[in-house]
Amino acid sequence: MLSQNDNRFMTQALALAQQAIGLSSPNPRVGCVLTLDGKVVGQGFTQAVGQAHAEVMAIADARAQQADLAGCTVYVTLEPCVHFGRTPPCVDALIAIAPLRVVVACLDANPKVAGQGVAALRAAGLMVDVLPDQAVLAQQAFDLNIGFMQRMAHQRVYTRLKWAASIDGKSALNDGRSQWITGSAARQDGQLFRARADVIVTGIGTVLHDNPQLNVRVKQLTRPLIKCVIDTFARVPTGAALWQDGAPVWLVCGQLDAAHAAFAAQQSRLVALSAQHPQLVVLTVPLKHERVDLAALWTYFAAQELNEVHVEAGGTLNASLLAQGLVDELLMYVAPRLMGAGLSAAGFLPEAVLDDLSAPAQWRWQSLALVGEDARLRAQKIRGALA
């Protein structure tokens, strides 16, 4: 069992790990605290890819304060790496300072680590405590890196689908307008989840109806959030708000052959967009029933070492992603209002129906909370061990 001090210092390490959001990806978000005689003597969190990991940052911080680290206790939110990647193994750095004890919140799912970091520390004679999986702090450490964990274990990005809806399940008026269903507190809270992602995905319908900026306005990100618009025929306006901050924009277009009726117009619009917006990256994806093949796009995301994908789209795209099993988490903000006639948050086709209410639930609740006057509900897809 952890002592009161153990809980306090690991909680502090988790707070440090939060500071790696928008910085460390594709590496995990890790925090580290070094203590001696019950006092913090060094702390740090993972830096940008190719730079120092949390343990190395904490050691450097302690040395800058001329602390003697022999016999210290190390609190780290993720198992120290044991392999050479872009930086040397963190286990070597820890062994070199001769700590009395190392406390690890959770093991790393990376096959190159996966328990080997803890084993290497123990082989060097260090006392290592790993929190049990069911411990609250272990679960928090895992959740902070859920995208990295899934990518390492199953080569899949973790996809969080966010929507705001009325209490009767409507996410927009009949004409497509959706600003604003929920209050400012819920919108600010949703921005924090955007900040976790490597890419934010929307559809061309949302761009045309709402003209969103698709940026993060509550946190300064070292790595700009990639904006991805699924736009089969390249209809995004050259003056859309999403271009304004210069962040990368991935425009996902359908792969049309020259005989396709929309080919010439699509190519003409792409030329105009490329001429005005140097941050544009055009991704050409095969069509499936005259729509972009979403499974192929999600495979591409995984190949790009993306950990978390955040989706804010309309009912058509939401329903397609859900129907194809590409969503891992639903992030739902529900306003205490009735809209009556309107557009559903997920506009399933008539044939997409559940025909057996006795079948096991496909989702489990993660958390429920009040955010201002609205409710935030998080549900996770049941896939076994994040399969």
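Our structure is the block above this text.
Being a predicted model, the structure only gives us computed values, none of them experimental. (Residues numbered from 1 in each chain as written. Predicted model: local features only at pLDDT ≥ 70, side-chain atom pairs only at ≥ 80, totals over all residues. Heavy atoms only, no water.)

Comments concerning the nonpolar core
For step 1, the next point in the chain: Residues Met10, Leu34, Leu69, Val74 and Val102 are the most contacted members of the largest nonpolar core, which totals 43 residues.
For step 2, the next point in the chain: At five residues, helix α1 (residues 4-18) tops the list of elements feeding residues into this core.
For step 3, the next point in the chain: Excluding anything up to four places from it in sequence, Val102 contacts Val74, Val76, Leu121, Leu126, Met127, Val128 and Asp129. (Core = buried A, V, L, I, M, F, W, Y, C linked by side-chain atoms within 4.5 Å. Buried < 20%, exposed > 50% of the residue type's maximum accessible area, 1.4 Å probe, protein only. Helix = DSSP H or I, 4+ residues; strand = E, 2+ residues; numbered from the N terminus. Contact = heavy atoms within 4.5 Å.)

A few points about the pattern of salt bridges
For step 1, the next point in the chain: With the rule as written, the count across this model stands at 15 salt bridges.
For step 2, the next point in the chain: A salt bridge links Asp129 to Arg101; its shortest N-O distance comes to 2.7 Å. Placement of the pair is Asp129 in strand β5 (residues 127-130) and Arg101 in strand β4 (residues 101-104), with a sequence separation of 28 residues.
For step 3, the next point in the chain: The partly exposed category is assigned to Asp129, whose relative accessible area is 28%.
For step 4, the next point in the chain: The buried category is assigned to Arg101, whose relative accessible area is 15%.
For step 5, the next point in the chain: A salt bridge links Glu312 to Lys162, with the nearest nitrogen and oxygen atoms 3.8 Å apart. With a gap of 150 residues between them, Glu312 in the loop between β14 (308-311) and α11 (315-323) and Lys162 in strand β6 (residues 158-166) connect regions that are remote in the sequence. An identical accessibility class is assigned to Glu312 and Lys162; each is buried. (Salt bridge = Lys/Arg side-chain N within 4 Å of Asp/Glu carboxyl O.)

Description of helix α10 (residues 294-303)
For step 1, the next point in the chain: Along α10, the positions that sit buried rather than exposed are Leu294, Leu297, Trp298, Phe301 and Ala302. Seen along its axis, α10 keeps its buried residues to an arc of 145 degrees; they face one direction. Opposite the buried face of α10, by more than 90 degrees, sit the exposed residues Thr299 and Ala303.
For step 2, the next point in the chain: Between a side-chain oxygen at the N-terminus of α10 and the backbone nitrogen of Ala295 the separation is 3.2 Å; the capping residue is Asp293.
For step 3, the next point in the chain: Of the residues flanking the end of α10, it is Glu305, one or two places downstream, whose phi is positive at about 60 degrees. (Arc of directions from axis to C-beta. Polar contact = N/O pair within 3.5 Å; in protein donor to acceptor, adjacent residues only side chain to side chain.)

A closer look at unusual backbone geometry
For step 1, the next point in the chain: For the bond from Ser25 to Pro26, the omega torsion is 10 degrees, close enough to zero to count as cis.
For step 2, the next point in the chain: Tracing the backbone shows Pro26 in the loop between α1 and β1 (31-36).
For step 3, the next point in the chain: Not every positive phi belongs to a glycine, and Leu214 is a case in point at roughly 60 degrees.
For step 4, the next point in the chain: Its location among the elements puts Leu214 in the loop between α8 (204-210) and β9 (226-230).

Concerning the sheet that holds strand β3 (residues 73-76)
For step 1, the next point in the chain: Ordered by their spatial adjacency, five strands build an open sheet running β2-β1-β3-β4-β5, and the pairing between neighbours is mixed. The open sheet has two edge strands, β2 (39-45) and β5, and neither has a second partner. Direction aside, neighbouring strands of the sheet carry axes that sit 15 degrees apart on average.
For step 2, the next point in the chain: Direction of pairing for β4 relative to β5: parallel, over a ladder of four bridges. Within β5, the position partnered with Val103 by the bridge is Asp129.
For step 3, the next point in the chain: Most of the contacts of helix α4 (residues 116-123) go to β5, to which it runs at about 155 degrees, and overall it touches β4 and β5. (Pairing = 2+ DSSP bridges. Axes fitted to C-alpha atoms, helices over the stretch in contact; angles between N-to-C directions.)

Note that all results are geometric; they support no functional claim without further evidence.
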